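Residues per chain, in single letters:
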Amino acid sequence: MGPVTGLPPLEPLGAVTVGAIELVTVPLRVLRPLRTARVADQGLERDVLLVHVRADEADGWAECVAEASPTYSAEHTKGARVVLSEHLIPRAWAGPTGDAMALGHHLDAVRGHPMARAALELAVLDAQLRAAGRSLADWLGATAASVPAGAALGLHATPDELLEEADVALAAGAARLRVKVAPGRAALPLGALRAHVGDEVVLQADGNGSFSLADPAHVAELMLVDEVGLACLEQPLAADDLVGHADLADRLTTPICLDEPLTSLGTIEAAVALGACEVVCLKPARVGGWIAARAVHDRCVELGVPVWVGGMLETGVGRSANIAVAALPGMTLPPDLDPRRRYEAELAAGTYGADGVVPVPSGPGTGAEPEAALLEGADVEQVPA
Ligand code: MG
């Protein structure tokens, strides 16, 4: 029993007998692109990469959350597919293929590529949990029956456009607004948004590494952002500028949240020890999977560092797995589970909830299975043993 979280260690699960592992690429159309300081236009077509584990006892599914281009992180969809088919899946076949907890050590031989690794591990775990009739949320130790829906608002050309989108997100039930910002497009729109929504609405901002302490205009703008009353300011500086973030954390009253550099428990420990990270954005896929995510959650609670679950551009398959982590007892800020649909067609239904309340899936595994009709147009690559 952990002294702070009260959560027991993860329970071993029965191994499944895996017969086939497939990489399934599904073309989907995006309704709402998300503009950030790093990505101006993602386009409206997106290939979503799924890992499908076919086992005798049950099938398992997981979404690889890497984006089409290596602009948010070094990982991207086509690269992840190569790493999975040529490096990760062959190691899975050579190791304990049907046991996610035992598989990790074999997958760690591959450096980096946490999102690809996470997808393979989760697909195996999903099959094991389905075979055992247990939900991912229950197995991880989730205590909440539902989680709040936090919305992410992209960069806008004018503050008025941001206010319009904020109204739509709040009307959809958003429990907080997280706003993408960039130099010259932070203090003014955030100030307008605060005046528009009032003091009660929880606001966060995300600079995606676009500010620099070497630029006096950037520093001056960040000092103005500090007056908006944000729950946290996420990744204002470059991903590797931990010293700069520690410096900024000393100057601002707004807590500094890190996102991009937090790829493992070790990097989180280092960033917190340096004073660079006062809030953790936990993306399960970016720390290498859901087993690692539970360890990050536990450690954040021990350290007393607020933590919340960030999102990529997940379909219902990926959202479902993120909800399980967002329902853990140590989560302190609303997760990135936008109440507004992102895709024209829903790959897996039931992950949006209503009025800003997202129910935690209670069905076996992640509780999400891709719609058969959408899989008809998918490209399927079987990676042989
Ligand atoms: Mg971010």
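Residues numbered from 1 in each chain as written. Predicted model: local features only at pLDDT ≥ 70, side-chain atom pairs only at ≥ 80, totals over all residues. Heavy atoms only, no water.

### Thoughts on the overall build of the protein chain
This is how it is decided: The numbering of helices and of strands both runs from the N terminus, where a helix is a DSSP run of H or I of at least 4 residues and a strand a run of E of at least 2. Residue exposure (1.4 Å probe, protein chains only): buried if accessible area is under 20% of the type maximum, exposed if over 50%, otherwise partly exposed. Whether two residues touch is decided by their heavy atoms; if any such pair falls within 4.5 Å, the residues are in contact. Using a 1.4 Å probe, the Shrake-Rupley method yields the accessible areas, and only the shown protein chains count as cover for residues. By the counting rule applied here, Lys and Arg register as positive and Asp and Glu as negative, while His and the ends of each chain are not counted. All charge positions are set by atom: Lys at NZ, Arg at CZ, Asp at CG, Glu at CD.
When its secondary structure is counted, the protein chain shows 12 helices and 13 strands. With the C-alpha coordinates of the protein chain rotated into their principal frame, the extents come out at 60 × 45 × 35 Å. Relative to its full complement of 385 residues, the protein chain shows a buried share of 57%. Contacts in the protein chain between residues at least 24 apart in sequence constitute 75% of all its contacts with a sequence separation of at least 6. If you sum the accessible surface of the protein chain, you get close to 14600 Å²; carbon and sulfur atoms cover 54% of it. Of the charged side chains in the protein chain, 27 are positive and 51 negative; the average position of the first set lies 2 Å away from that of the second.

### Brief notes about unusual backbone geometry
Phi is positive for Gln235, close to 40°, though the residue is something other than glycine. Given the relative accessible area of 0%, Gln235 is considered buried.

### Concerning the sheet that holds strand E9 (residues 256–258)
In plain terms, the rule: When DSSP finds at least two bridges between two strands, those strands are taken to pair. Axis geometry follows a simple rule: fit a line to the C-alpha atoms, using only the stretch in contact for helices, then measure angles between N-to-C directions, giving values from 0 to 180 degrees.
Pairing within the open sheet is parallel, and its 7 strands lie in the order E5-E6-E7-E8-E9-E10-E11. Edge positions in the open sheet fall to strand E5 (150–153) and strand E11 (307–309), since each of these has one partner strand only. Each neighbouring strand pair of the sheet contributes to a mean axis angle of 25°, computed without reference to strand direction.

### Concerning the coordination of the magnesium ion
Spelled out, the test is: In this analysis a donor is any N, O or S atom within 2.8 Å of a metal ion (3.2 Å for sodium, potassium and calcium), and since water is not included, sites may seem incomplete.
Protein-derived ligands of the magnesium ion are Asp206 (OD), Glu234 (OE) and Asp259 (OD), with the metal-ligand distances lying across 2.0 to 2.3 Å. Read from N- to C-terminus, the donor residues coordinating the magnesium ion fall into the pattern D-x27-E-x24-D. A residue pair is termed long-range when its members are at least 10 positions apart, and Asp206 in strand E7 (residues 202–206) and Asp259 in the loop between E9 and helix H9 (265–273) qualify at 53 residues. Across the pair, exposure class does not vary: Asp206 and Asp259 are buried alike.

### Section: the domain arrangement of the protein chain
Short version of the rule: How far each domain reaches was decided by an automatic or database domain assignment. The term buried area refers to how much accessible surface (probe radius 1.4 Å) is lost by two components on association, counted for both of them together.
Taken domain by domain, the protein chain comprises domain 1 (18–133 + 371–383) and domain 2 (138–359). Of note, the centres of domain 1 and domain 2, computed from C-alpha atoms alone, are 23 Å apart. Opposite the 33 residues of domain 1 that make contact, domain 2 presents 40 residues. Taking both partners together, domain 1 and domain 2 bury about 3400 Å²; carbon and sulfur atoms supply 67% of that area.

### What to know about the side chain of His52
To be explicit about the condition: In the analysis that follows, any N or O atom pair within 3.5 Å is treated as a polar contact, provided that within protein one partner can donate a hydrogen and the other can accept it, and provided that, for residues neighboring in sequence, both atoms belong to side chains.
As for its placement among the helices and strands, His52 is situated in strand E2 (residues 45–55). A residue is classified by how much of its surface remains accessible, and His52, at 3% relative accessible area, is buried. Reaching out from His52, the side chain makes a polar contact with the side chain of Asp59 at a distance of 2.8 Å. Excluding its chain neighbours within four sequence positions, the residues that come into contact with His52 are Ala20, Ile21, Glu22, Val24, Asp59, Gly60 and Trp61.

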